[in-house]
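Residues per chain, in single letters:
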Amino acid sequence: MASASSCIVISDEEQGYDLDLFCIPKHYASDLERVYIPHGLIMDRTERLARDILKDMGGHHIVALCVLKGGYKFFADLLDYIKALNRNSDRSIPMTVDFIRLKSYQNDQSTGDIKVIGGDDLSTLTGKNVLIVEDIIDTGKTMKTLLELLKQYNPKMVKVASLLVKRTPRSVGYRPDFVGFEVPDKFVVGYALDYNEYFRDLNHICVISDTGKEKYKA
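Since we're looking at a predicted model, the values are computed, not measured.

Novice: I'd like a rundown of the pattern of salt bridges, residues and numbers included.
Specialist: Within this structure, the stated rule accounts for 14 salt bridges. Across the pair Lys-215 and Asp-31 runs a salt bridge, and its minimum N-O distance is 3.1 Å. On the criterion of sequence distance, the pair formed by Lys-215 in helix α4 (residues 210–215) and Asp-31 in the loop between β1 (8–9) and β2 (32–37) is long-range, its members being 184 residues apart. With a relative accessible area of 45%, Lys-215 lands in the partly exposed category. Under the relative-accessibility criterion, Asp-31 is labelled buried at 0%.

As C-alpha cells, this is what we get:
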C-alpha cells in the first residue's frame, strides 16, 4: 500500500533554479522568482504515482474524479500513465472520469470559504472506488469538505492523489493517500496551478514574485 509519507520532500532551504536555465514564456519573465520543480521531474514523479495507485486500487473499476481547474494537467498526465500501464500489463482495470470544481482562493490566500461551482451528478459514485485528483493541498480544508460531500453518495472506497502538499501552520492536518511533492509554505504557480487564473500556461512549477502578485491581483 502506498504510504502517505512517501513523496519527494522539498526543504525550506531549497532555492530552486534560475529562470534563464529553462524556457519560460516571455510574458511571465518578470513575474516569477525561480523555477521550483521542473516539468521533467513532475512527469517522472507522476509516472511513479500512477504505478503506486494501480498497485493500491487496481483490483476494481476506478472512477477518477478531477478537481478543476488546477488539477486538470496533473489529472490528464496521471491518467495517461495509468492507461499506459493498463495497456502493457497482464491485468488491467476499467477507468471512468468525472469532474468537480471548487473555489477557495482569493489572490494568494485560501479563504476557508469553499464554493462548489461545478460538477456532474455525483450519485454515479455510489458503490464505486473513487480516486480524487487534486493539484495542491494547502490548509486541507477544501479536501476535507469535499470528502464529507462525497460520503453522502456512499462510494465503496475513496483515495486522494495530490501533486503537491504544502507545509503550512494553517494546515488542519489532512494528508492525501498519494503525494507527488511536499513543498514549503510559498505560493507556487505553473503546471495548471494559477494565481487569479494566470500562470496555468506555464510548464514548470515556479515561485511567483511580488511583481507578479501585484500585476495579477484581483
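Novice: Tell me about the pairing of strand β8 (residues 178–183), and please be specific about residues and values.
Specialist: Counting buried residues in β8 gives six out of six residues, a clear majority hidden from the surface. With two bridges joining them, β1 and β8 adopt parallel strand pairing. Of the residues in β8, the one forming a bridge with Ile-8 is Phe-181. Relative to β8, strand β7 (residues 157–166) is paired through five bridges, and the arrangement is parallel. Across the sheet, the residue bridging to Val-165 is Glu-182, located in β8.

The rules we used
Residues numbered from 1 in each chain as written. Predicted model: local features only at pLDDT ≥ 70, side-chain atom pairs only at ≥ 80, totals over all residues. Heavy atoms only, no water. Salt bridge = Lys/Arg side-chain N within 4 Å of Asp/Glu carboxyl O. Helix = DSSP H or I, 4+ residues; strand = E, 2+ residues; numbered from the N terminus. Buried < 20%, exposed > 50% of the residue type's maximum accessible area, 1.4 Å probe, protein only. Pairing = 2+ DSSP bridges.

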